[in-house]
Amino acid sequence: APEASTSLRLSLDGQTFTPAADVRFRLYPQPNVSRLLPWTGPAAGGTVVAIACGGCGDGGEPVGVDYRCRFGNGAKVVATVAGSYDVYRDRLICVAPNVGRPQAAPLELTLNGQQYTESGVIFAHRAPLVVTAVEPPRGPALGRTTALVRFDAPGQAGGGGEKVSSTHDGAQ
């Protein structure tokens, strides 16, 4: 449903109402979190999370007035942080908080500081990764070397892995 607005009328007794005021109350469709990028970050926080969200913007125009991101839900809310709307990419941005230890929980959002989504999309706070090896161990200063990086992920299922990465192009 598209965004709409309605006239605001006030009653103190439930029977007598003021005339319609020039003040408008905007109604918007329920937003829905569809994807997080990235979906994981260190438990120490600081990860900038981009949230793909249906209903958070209207063609690049922000819908909300009090954007917030809540990590966790129900009795297990870990933290609530301020968010912002990226009008150029039509998405919400939040910075993951320090949660002290690895854990996974839904990341939900609100556009007005009150009603939160119930999308259930998970953000995983993880233990810090520990780089254990890089192959090859050297490359030219001009960059463009493709390297295999091995790492441990203490306390996580799988415990580690590998990632192929390219070095910088020589520019600082």
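Colleague: Quick rundown of a nonpolar patch on the surface? Include the residues and the values.
Modeller: There is a patch of nonpolar side chains on the surface, built from L8, V23, F25 and L27 and spanning about 370 Å² of accessible area. Tracing the backbone through its elements, the reader meets F25 in strand 2 (residues 24-27).

Colleague: How would you sum up the packing of aromatic side chains? Please name residues and give values.
Modeller: Per the stated rule, a full pass over the model turns up two aromatic pairs. An angle of 15° between the planes, with centres 6.0 Å apart, marks the rings of Y67 and Y85 as stacked. Residue Y67 is located in the loop between strand 7 (61-62) and strand 8 (68-71), and its partner Y85 is located in strand 9 (residues 79-86); the two are separated by 18 residues in the primary sequence. For Y85, a relative accessible area of 12% corresponds to the buried category. Plain terms: the ring middles of F71 and F123 are 5.7 Å apart, the flat faces sit at 80° to each other, and that makes the pair edge-to-face. Of the two residues, F71 is situated in strand 8 and F123 in strand 12 (residues 122-126); the sequence distance between them amounts to 52 residues. The exposure classification of F71 matches that of F123, with both residues buried.

Colleague: So what's going on with the nonpolar core? Residues and values would help.
Modeller: L36, I51, L107 and L109 are the most contacted members of the largest nonpolar core, which totals 19 residues. Sorting the residues of this core by element identifies strand 3 (32-37), strand 5 (48-54), strand 8, strand 9, strand 10 (91-95) and strand 11 (103-110) as the ones contributing at least two each. Element by element, the count of residues in this core is highest for strand 5, at three residues. Look past the residues within four positions of I51 in its chain and what remains in contact with it is V33, R35, L36, C69, R91, L92, C94, L107 and L109.

Colleague: How would you explain the pattern of salt bridges if you had to name every residue and give the values?
Modeller: Summed over all chains, the structure comprises four salt bridges. D66 serves as the salt-bridge partner of R68, at 2.7 Å between the closest nitrogen and oxygen. Here R150 ties to E135 by a salt bridge, and the two come within 2.5 Å at their closest N and O atoms. With a gap of 15 residues between them, R150 in strand 14 (residues 146-152) and E135 in strand 13 (residues 130-135) connect regions that are remote in the sequence. For R150, a relative accessible area of 27% translates into the label partly exposed. In this structure, a network of salt bridges that share partners links the residues D86, R89 and R91.

Colleague: How would you summarise the state of the cysteines if you had to cite specific residues and measurements?
Modeller: Scanning the entire structure with this criterion turns up two disulfides. Paired by a disulfide, C53 and C56 hold their sulfur atoms 1.7 Å apart. Every disulfide takes its handedness from the sign of the S-S torsion; for C53 and C56 that torsion is 65°, giving right-handed. The exposure classification of C53 matches that of C56, with both residues buried. C69 shares a disulfide with C94; S-S distance 1.6 Å. Here the S-S torsion is close to 65°, and the disulfide linking C69 with C94 is therefore right-handed. Remark: C94 occurs in strand 10 and C69 occurs in strand 8; sequence separation between them is 25 residues.

Parameters at a glance
- Residues numbered from 1 in each chain as written.
- Predicted model: local features only at pLDDT ≥ 70, side-chain atom pairs only at ≥ 80, totals over all residues.
- Heavy atoms only, no water.
- Patch = residues over 30% accessible without salt bridge, like charges linked within 9 Å, V, L, I, M, F, W, Y side chains within 5 Å.
- Areas by Shrake-Rupley, 256 points an atom, 1.4 Å probe, with all protein chains shown as cover.
- Salt bridge = Lys/Arg side-chain N within 4 Å of Asp/Glu carboxyl O.
- Helix = DSSP H or I, 4+ residues; strand = E, 2+ residues; numbered from the N terminus.
- Phe/Tyr/Trp six-rings, centres within 6.5 Å; stacked < 30°, edge-to-face > 60°.
- Buried < 20%, exposed > 50% of the residue type's maximum accessible area, 1.4 Å probe, protein only.
- Core = buried A, V, L, I, M, F, W, Y, C linked by side-chain atoms within 4.5 Å.
- Contact = heavy atoms within 4.5 Å.
- Disulfide = S-S within 2.5 Å.

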